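Residues per chain, in single letters:
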Amino acid sequence: KENERVKYAQKEPPEAKINENKMPALNNVLSKITEKILGNRFQHDIRELNTAFVHDCGNSAAFLLRKILEKTIFYVLATNNNADALKDRDGKFLGLHDMLNLCATEKIKGIPILLPKTVKDLIGIKFLGDSAAHNYLMDVEVSDINHQVPIWTVAIKELCDKLASA
């Protein structure tokens, strides 16, 4: 202690510098897909996701993958005038597990919003997002997420195919 104050080993936090060249190509592709189809409303989330991957922040990446997925489901149902389907009998919004099951059974133009196999595969991403948000005993690593990202990408594309003109 110095003058009854705790002296920190690091006086200033390091400045985070993001090297755009290090961003995974997949995230750049996702950014183009979401910007083209979903507009700018998802770009902040995609930029944060890119940052999480670049800086090996697995908890943040898992949480953001889940957030973008939930947001896309809501947006698809809203553009198809069916956002109320995301509420239970008491008017509360469904959790992700129930949202995914709804997407497997709810149809737009005779086709499920998400194919049942996609929904089954997305449960891993849900688990990682839940762990990142609620399990203080473990950390999600980017390496845990990498094998889930292709499934997530397919789901986002399936959802985008169901968008009504907004």
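If you're wondering where the values come from, they're calculated on a predicted model, not measured in any experiment.

Engineer: Could you give me a rundown of the overall build of the protein chain, with the residues and numbers involved?
Structural biologist: For the protein chain, the helix and strand inventory stands at 7 helices and 2 strands. Expressed as a percentage of the 166 residues in the protein chain, the buried residues total 37%. Here the analysis covers contacts within the protein chain between residues at least 6 apart in sequence; of these, 65% occur between residues at least 24 apart. Looking at the protein chain as shown, the accessible area adds up to about 10500 Å², and 51% of this sits on carbon and sulfur atoms.

Engineer: Quick rundown of the packing of helix α3 (residues 58-79) against helix α4 (residues 96-105)? Include the residues and the values.
Structural biologist: For the pair α3 and α4, interaxial distance at closest approach is 11 Å and the crossing angle is 45 degrees. Compared by their axis directions, α3 and α4 come out oblique. For the pair α3 and α4, the sense of crossing is left-handed. Together, R66, L69, E70, I73 and L77 of α3 and L96, M99, L100, L102 and C103 of α4 make up the contact between the two elements. Residues belonging to the contact of α3 with α4 are distributed by class as follows: 8 nonpolar, no polar and 2 charged.

Engineer: Summarise the packing of aromatic side chains; cite the residues concerned and give the values.
Structural biologist: Evaluated as defined, the whole model comprises 2 aromatic pairs. Here the aromatic rings of F74 and F93 are separated by 5.9 Å at their centres, their planes lie at 70 degrees, and the arrangement is edge-to-face. You can see F74 sitting in helix α3 and its partner F93 sitting in the loop between α3 and α4, a full 19 residues away along the chain. Taking NZ or CZ as reference, K71 lies 4.8 Å from the ring centre of F42, over its face.

Engineer: Kindly report on the pattern of salt bridges, identifying the contributing residues and their values.
Structural biologist: If you walk through the whole model with that rule in mind, you get 6 salt bridges. Among the salt bridges present, the one from K67 reaches D45, with a minimum N-O distance of 3.0 Å. Here K67, found in helix α3, pairs with D45, found in helix α2 (residues 43-54); they are 22 residues apart in sequence, far enough to count as distant. The closest approach of N and O atoms between R66 and E70, which form a salt bridge, is 2.7 Å.

Engineer: So, the nonpolar core: which residues are in play, and what are the values?
Structural biologist: Ranked by internal contacts, the top residues of the largest apolar core, which has 40 residues, are L49, L69, I73, L100, L114, I145 and W152. For this core, the secondary structure elements donating two or more residues are α2, α3, α4, α5 (116-134), α6 (142-146) and α7 (149-161). With 10 residues, the top contributor of residues to this core is α3. Ignoring sequence-local partners within four residues, the contact set of L69 consists of L96, L100, L122, W152, A155, I156 and L159.

Engineer: How would you sum up the confidence of the model for the protein chain? Please name residues and give values.
Structural biologist: Per-residue confidence for the protein chain averages 80 on the pLDDT scale, and 77% of its residues sit at or above 70. Low pLDDT, under 50, characterises residues 6-20; the predicted model gives this stretch 5 contacts beyond four residues in sequence or across chains.

Engineer: If you had to explain unusual backbone geometry to someone new, which residues and values would you point to?
Structural biologist: If you check the backbone angles, D56 has positive phi at about 55 degrees while not being a glycine. Its place among the elements puts D56 in the loop between α2 and α3.

Engineer: So what about the packing of α3 against α7? Which residues, and what values?
Structural biologist: Two elements in contact, α3 and α7, have axes separated by 10 Å at closest approach and are oriented at 15 degrees. On the basis of the axis angle, α3 is roughly parallel to α7. Seen along the crossing, α3 lies across α7 with a hand that is left-handed. Of α7, the residues touching α3 (which contributes L65, I68, L69, T72, I73 and V76) are V149, W152, A155, I156 and L159.

What counts, and where the lines are drawn
Residues numbered from 1 in each chain as written. Predicted model: local features only at pLDDT ≥ 70, side-chain atom pairs only at ≥ 80, totals over all residues. Heavy atoms only, no water. Helix = DSSP H or I, 4+ residues; strand = E, 2+ residues; numbered from the N terminus. Buried < 20%, exposed > 50% of the residue type's maximum accessible area, 1.4 Å probe, protein only. Contact = heavy atoms within 4.5 Å. Areas by Shrake-Rupley, 256 points an atom, 1.4 Å probe, with all protein chains shown as cover. Axes fitted to C-alpha atoms, helices over the stretch in contact; angles between N-to-C directions. Parallel < 35°, antiparallel > 145°, perpendicular 65-115°, else oblique. Left-handed = near helix turned anticlockwise from the far one by under 90°. Nonpolar A, V, L, I, M, F, W, Y, C, P; charged D, E, K, R; others polar. Phe/Tyr/Trp six-rings, centres within 6.5 Å; stacked < 30°, edge-to-face > 60°. Lys NZ or Arg CZ within 6 Å of the ring centre and 35° of its normal. Salt bridge = Lys/Arg side-chain N within 4 Å of Asp/Glu carboxyl O. Core = buried A, V, L, I, M, F, W, Y, C linked by side-chain atoms within 4.5 Å. pLDDT = per-residue confidence, 0-100.

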